[in-house]
Amino acid sequence: AGEVDYDADGPTELYLAVEREEWDRVELYCATRRDEASTWVRRHDGGSNRLLFRLLPLHAASVFDAPPSTISALVSAHARAAACRDESGRLPVHLAVRNGAGPA
């Protein structure tokens, strides 16, 4: 568990796989890099240093409309992520619905 800055530290390998929508790799990393499922990734605007986002991989997967098997793997790797709120107070389910996710 922890937190990394997207630009200063670089995101985790798990987060990058989510961002690239490499769902098979995400599911593999949930088993082999479990600690990264609980690592927050934050990013600031370079000019104003305003926080752009602070997300766990489950939040990011919800934004990128990951398949149910990937969501399940992320929850298995870090179940508490489902109850964690992002920088705007949203749960992963809020992000999924906002981004058009429907029933599995």
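1. A few points about helix α2 (residues 23–32)
Then step 1. For α2, the complete set of buried residues consists of Trp23, Val26, Tyr29 and Cys30. Angularly, the buried residues of α2 cover 115 degrees about the axis, an arc narrow enough to put them on a single face. Opposite the buried face of α2, at more than 90 degrees from it, the exposed residues are Asp24, Ala31 and Thr32.
Then step 2. Looking at the buried side of α2, the elements it contacts are α1 (13–19) and α4 (68–77).

2. Re the pattern of salt bridges
Then step 1. Counting across every chain of the model gives eight salt bridges.
Then step 2. One salt bridge connects Asp86 with Arg90, and the closest N-O pair in it is separated by 3.1 Å.
Then step 3. Residue classification places Arg90 among the partly exposed positions, given a relative accessible area of 23%.
Then step 4. For Glu87, the salt bridge goes to Arg90, with nearest N and O atoms at 3.7 Å.
Then step 5. Here the residues in one salt-bridge network are Glu3, Asp5, Arg42 and Arg54, joined through shared partners.

3. Points about the sheet that holds strand β2 (residues 39–44)
Then step 1. Read from one edge of the open sheet, three strands run β1-β2-β3, paired in mixed fashion. Each end of this open sheet is capped by a strand with a single partner; those strands are β1 (2–5) and β3 (51–55). The sheet shows a mean angle of 20 degrees between the axes of neighbouring strands, taken without regard to direction.
Then step 2. Sheet analysis places β2 next to β3, joined by four bridges and oriented antiparallel. When the bridges of β3 are listed, His44 appears paired with Leu51.

About the cut-offs
Residues numbered from 1 in each chain as written. Predicted model: local features only at pLDDT ≥ 70, side-chain atom pairs only at ≥ 80, totals over all residues. Heavy atoms only, no water. Buried < 20%, exposed > 50% of the residue type's maximum accessible area, 1.4 Å probe, protein only. Helix = DSSP H or I, 4+ residues; strand = E, 2+ residues; numbered from the N terminus. Arc of directions from axis to C-beta. Contact = heavy atoms within 4.5 Å. Salt bridge = Lys/Arg side-chain N within 4 Å of Asp/Glu carboxyl O. Pairing = 2+ DSSP bridges. Axes fitted to C-alpha atoms, helices over the stretch in contact; angles between N-to-C directions.

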